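Overview (structure and organization)
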Number of protein chains: 2
Amino acid sequence: MNKPTKTPEKTAKGERKRATSYDVAALAGVSQSAVSRVFQDGASASKAMRERVMAAADKLGYRPNAIARGLITQRSNMVAVVISKLTNLYYPEVLVQLTQRFSERGVRVLLFALERESDTGLVVEQMLQYRVDGVLTAAMFTPEELRTIENAHIPVVFYNRTSKDQLVSSVRCDQEEGERWLVDELVAAGHRSFGIVEGPADSVVSIERKMGALNELAEKGITDVTTVSGDFGYETGRRCFAELVQKHGSPPDAVIAANDVMAIGCIDEAREVFGLAVPGDISIVGFDGVGPARYAAYDVTTVRQPVQRMTESAASMLLERIENPELSPEKRAFSGIPVRGGSARLPAAK
Amino acid sequence: MNKPTKTPEKTAKGERKRATSYDVAALAGVSQSAVSRVFQDGASASKAMRERVMAAADKLGYRPNAIARGLITQRSNMVAVVISKLTNLYYPEVLVQLTQRFSERGVRVLLFALERESDTGLVVEQMLQYRVDGVLTAAMFTPEELRTIENAHIPVVFYNRTSKDQLVSSVRCDQEEGERWLVDELVAAGHRSFGIVEGPADSVVSIERKMGALNELAEKGITDVTTVSGDFGYETGRRCFAELVQKHGSPPDAVIAANDVMAIGCIDEAREVFGLAVPGDISIVGFDGVGPARYAAYDVTTVRQPVQRMTESAASMLLERIENPELSPEKRAFSGIPVRGGSARLPAAK
DNA sequence: GGCAGTATTGCATTCGGATGCAATTTGGAG
DNA sequence: CTCCAAATTGCATCCGAATGCAATACTGCC
C-alpha cells in the first residue's frame, strides 16, 4: 500500500528522499495522475490544477523521474552515440554538434567511446540494456551485431560509413569523390609519382579514401604509387613520410595522406628532415579540413567535410526513424568541399 | 495480473516485443526472481538454475532492462559529463578518456555539450530528471544550480575549475603555477614587455591563467603589459596578435596566450603579417600541450596538462563519492608539465 | 433553470526487475 | 541414516510515472 499522505520522508540521518509525484499530489491535495498530467505537454489539466500542482512541486523540489517515465512509455529519450578514439581531431567537433542537435530536440546522448573501431561488442550489449531509442555510430558493427540491434527494432544511422550489402541508413561524406578530385588536380598539375599514406586497417574511412585515390590513379594510367600505413596521428605521419621515401627510393612527386593530421606530419618531415620545399619540391594533400589544416604554416590542400550539414542530417534522419520505424533506410552522401591550400602545386582554378 | 506463461507476444504486424524476465522465467520454468538473480553478480543461484535460465535467455534474446533496474535500485549507473563547446582542441581528448574510465567501471556517460560555458541551466534540469548518479563538469555552475544538485544528493566533481567559497570536489591542473613558470622563464631570458591574450570572459580557466601571469609579472616588477581577449580559437589568435601590436604600439618582447591554439595563431600572424622571427624577434607561449603545439612548425613552449592522470583521478573521485556519499569534498591540483619548445627564447635549462 | 456535450479528474493498472522473507532443497557431519 | 546449518528458490511487493476508462465538473445554449 502506498502512503501518499506522508510528506517526503526523512531517514534517521535527516536526508530526505527525492520527492515523487505522490508527494506532490498529497501536498497539493490531488491525485498522482493529475500531477503526471501537469508535467506533460498535451495532457488536459485546468489552469487551477496546474497552479496548485506547480506550487506544490517547487515547494518540494520535484522533477519527474525520466527513468520511471521511460519504463512505462517504452521510450528512454536517449540515443547512443558511438565514436572511436582515433587520434583524429575531426571527431570531437562532430560529437559536440551532434549532441547539441539532439539536445535541441529533447533527446539525450549516451556516449560510447571505443579504443579501436573494432571493439564494438560490449558496447552493443550496453546500448540494448539501456533501451536507447536509436543509435548513431561512427564505428562499424559486425553484421551480427547489426542484426542484434535491428531485432530490437532500434534504428541505426551510420556516420561516414555504410554497408553495400546491408540495408542501413547512413550519412557520409563521399570520400572517393573527394580523393578523385585531389588526384585529378595533382595529375593535371603534372605530378606523376605518388605516395599514399593510409590510416588504420580497421578504419572504413581510410579504406574508402585509399581506394578512391588508387582507382583514380589507375584510371589516369599512373602506376608509380607507393603505399604506407599509419594511424591517423601526427607522429606516424612523419614516420610514414620517411618510410615512403625509403620505399620509393626517392621522394615522390606528391603524397596523399588519409587525413590532414598525417598530411601535416608529412609536411613537417619533408621540410625538417628531408629539406624539401612544400609545395616547391613536393605536393602533400590531406582530407577532412580540420582546424590545423588552416594554420598558415601548413595551409593544407584538402577536402573539407561539411560537418554542420552532416551532423544536422544524421540527427534528423535518426530522429525521423525513431518517430516512424517503418521508414525505409536511406543513404545520404555529401560532397566534400575542395580546399585549394598552399601545400600542393595545382593547376590554376578555372 | 501478469501473464508470465505467454511466450513473447507478437502484435498483429508480427513484430515481437522485447523479452522480459517473465518471458525467460516462463520458458525456463522458473520464477522471475530466479532470472533476476542469475543476471546479478553476487546473487545466489545454483549451477543448474544458471544454465536453464541462460539457455532460455539467449533463445529469447533477453537482456536485462537497465531502466527498470535503475528504477528499483535507485541507481541509474549513469553519470553526467558536461563540456562546453570551446574551440579548444584539448577537451575532446579529455572526454574520450573520461568515457573510457567510466565504462571500465560499468558506468555509462550521459553527455551534455554547452554552447557556452555559461548556459548551464537547462542541463541541470535534465541531469536531475535522468537521475544520474554523479556529475563531472568542465563548466561552472551557479551557486544556486550547485545547491539544487546537492539537495538531490548527487556528488559533483569539477574538472579544471573550482570554487574557493564552496565545498566542492575538483580535479584541476594548477593554471597559476604553470603561468608563473612561463613568466619566470621569459623574464629570466630577458623579456621585459608582455602581451597577454586571454580567452572568453566566461571561462574560468582563462581567468586563472591570466591572473597567474599578471600576478607573477607584477611580482617581478614588470608593468609593461598589454592585454587583449579572444575566444580560444586560431582565428582570434591571429586577430589578437595584430590588436596587441596596435595597442602596444610595437610588438612586445613576449606574448602569453591563454591556450596553445591562440598561441599558434599569434605565431602565424607574427611571422606572416609582421615578418617577425619566432623566437628570434618575439617569444610566444601557450598552455595545454595539445597535439598541434608539438607540430614542428610551431613547437610551442607551453605547459602540458597531465590529462591521463587528471581524467583517471576525476573519474575515481566521482565514483568513490557515488559509493560513499559521506565522503567529504576534496580538491586535487596537478602541476602542469613544462614544455620548453622552440617558440620562445628561454634561459638554458639547468 | 435544465440539458447535452466537453473538459477535468481520479482510479486502477502497467512497465520490468530487485529483494526481504519464508519455504524448500542441499550438503555435511556425526 | 539423521539432523542442522547453509544455500536455493519462490512469493509478494515495491520503485515512480503514464494512461484507458469511468466519474465528475464545467460550458454554452435554449
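As a starting point, this report considers the structure included with it.

**Quick word on the sheet that holds strand 7 (residues 225-229) of chain B**
All names here are of chain B. Taking strand neighbours across the sheet as the criterion, the four strands line up as 7-6-8-9 in an open arrangement whose pairing is parallel. The open sheet has two edge strands, strand 7 and strand 9 (283-285), and neither has a second partner. With direction set aside, neighbouring strand axes in the sheet form an average angle of 15°. Relative to strand 9, strand 8 (residues 254-257) runs parallel, the two sharing three bridges.

**Remarks on the packing of helix 10 (residues 234-248) of chain A against helix 11 (residues 260-272) of chain A**
Residues and elements named next belong to chain A. At their nearest, the axes of helix 10 and helix 11 sit 7 Å apart, and the two run at 50° to each other. Judged on the interaxial angle alone, helix 11 and helix 10 are oblique. Considering how the two elements wind past one another, helix 10 and helix 11 form a crossing that is right-handed. Counted together, Y234, T236, G237, R238, F241 and A242 of helix 10 and V261, M262, I264, G265, C266, D268, E269, A270 and E272 of helix 11 form the full contact between these two elements. Considering only residue class, the contact of helix 10 with helix 11 consists of eight nonpolar, three polar and four charged.

**A look at the packing of aromatic side chains**
In total, this model carries eleven aromatic pairs over all chains according to the counting rule given. Plain terms: the ring middles of F241 of chain A and F274 of chain A are 5.4 Å apart, the flat faces sit at 70° to each other, and that makes the pair edge-to-face. Remark: F274 of chain A occurs in the loop between helix 11 and strand 9 (283-285) and F241 of chain A occurs in helix 10; sequence separation between them is 33 residues. Using a relative accessible area of 31% as the deciding quantity, one classes F274 of chain A as partly exposed. Here the aromatic rings of F39 of chain B and Y62 of chain B are separated by 5.1 Å at their centres, their planes lie at 75°, and the arrangement is edge-to-face. With F39 of chain B in the loop between helix 2 (32-38) and helix 3 (47-60) and Y62 of chain B in the loop between helix 3 and helix 4 (66-73), the pair connects residues that are 23 residues apart, well separated along the chain. The class for F39 of chain B is partly exposed, based on a relative accessible area of 23%.

**Observations regarding the interface of chain A and chain B**
With 55 residues of chain A in contact, the opposing surface of chain B contributes 55 residues. The junction of chain A with chain B conceals about 5,300 Å² of combined surface from both sides, 59% of it contributed by carbon and sulfur atoms. Between chain A and chain B we count four salt bridges in total. Where R294 of chain A meets E235 of chain B, a salt bridge forms, and the shortest distance between an N and an O atom there is 3.8 Å. When contributions to the side of chain A that touches chain B are tallied by element, the ones reaching two or more residues are helix 4 (66-73), strand 1 (78-84), helix 5 (90-104), strand 2 (108-114), helix 6 (121-129), helix 10 and helix 11 of chain A. Examined bridge by bridge, strand 2 of chain A and strand 2 (residues 108-114) of chain B share three bridges and lie antiparallel to one another. Among the inter-strand pairings, L110 of chain A is bridged to a residue of strand 2 of chain B, identified as L110 of chain B.

Definitions and cut-offs
The numbers attached to residues start from 1 for each chain and follow its sequence in the written order. Each chain gets a letter, beginning with A, and each ligand a number, beginning with 1, in the order they are written. With the structure being a predicted model, the display of local features is reserved for residues of pLDDT at least 70 and the display and counting of side-chain atom pairs for 80 or more, all residues being used for whole-chain, interface and lining totals. The basis for every side-chain value is the complete set of heavy atoms in the structure, and neither hydrogens nor water enter the calculation. Between any two strands, pairing holds if DSSP finds at least two bridges. Note on conventions: DSSP H or I runs of at least 4 residues are helices, E runs of at least 2 residues are strands, and numbering of each starts at the N terminus. The axes used here are C-alpha line fits, helices contributing only the stretch in contact, and every angle between their N-to-C directions lies in the interval 0 to 180 degrees. Geometric relationships in this document are graded by angle, where less than 35 degrees denotes roughly parallel, more than 145 denotes roughly antiparallel, 65 to 115 denotes roughly perpendicular, and other angles denote oblique. Throughout, a crossing is termed right-handed when the near helix is turned clockwise from the far one, and left-handed when it is turned anticlockwise from it by less than a right angle. Any two residues having at least one pair of non-hydrogen atoms within 4.5 Å are treated as being in contact. Throughout, the ten residues Ala, Val, Leu, Ile, Met, Phe, Trp, Tyr, Cys and Pro are labelled nonpolar, Asp, Glu, Lys and Arg are labelled charged, and all others, Gly among them, are labelled polar. Aromatic pairing here means that ring centres of Phe, Tyr or Trp (its six-membered ring) are within 6.5 Å. Orientation follows from the plane angle: under 30 degrees is stacked, over 60 is edge-to-face, and everything else is tilted. Burial classes follow relative accessibility: with a 1.4 Å probe on protein chains only, a residue under 20% of its type's maximum area counts as buried, one over 50% as exposed, and anything between as partly exposed. The term buried area refers to how much accessible surface (probe radius 1.4 Å) is lost by two components on association, counted for both of them together. A carboxyl oxygen of Asp or Glu within 4 Å of a side-chain nitrogen of Lys or Arg is what we treat as a salt bridge.

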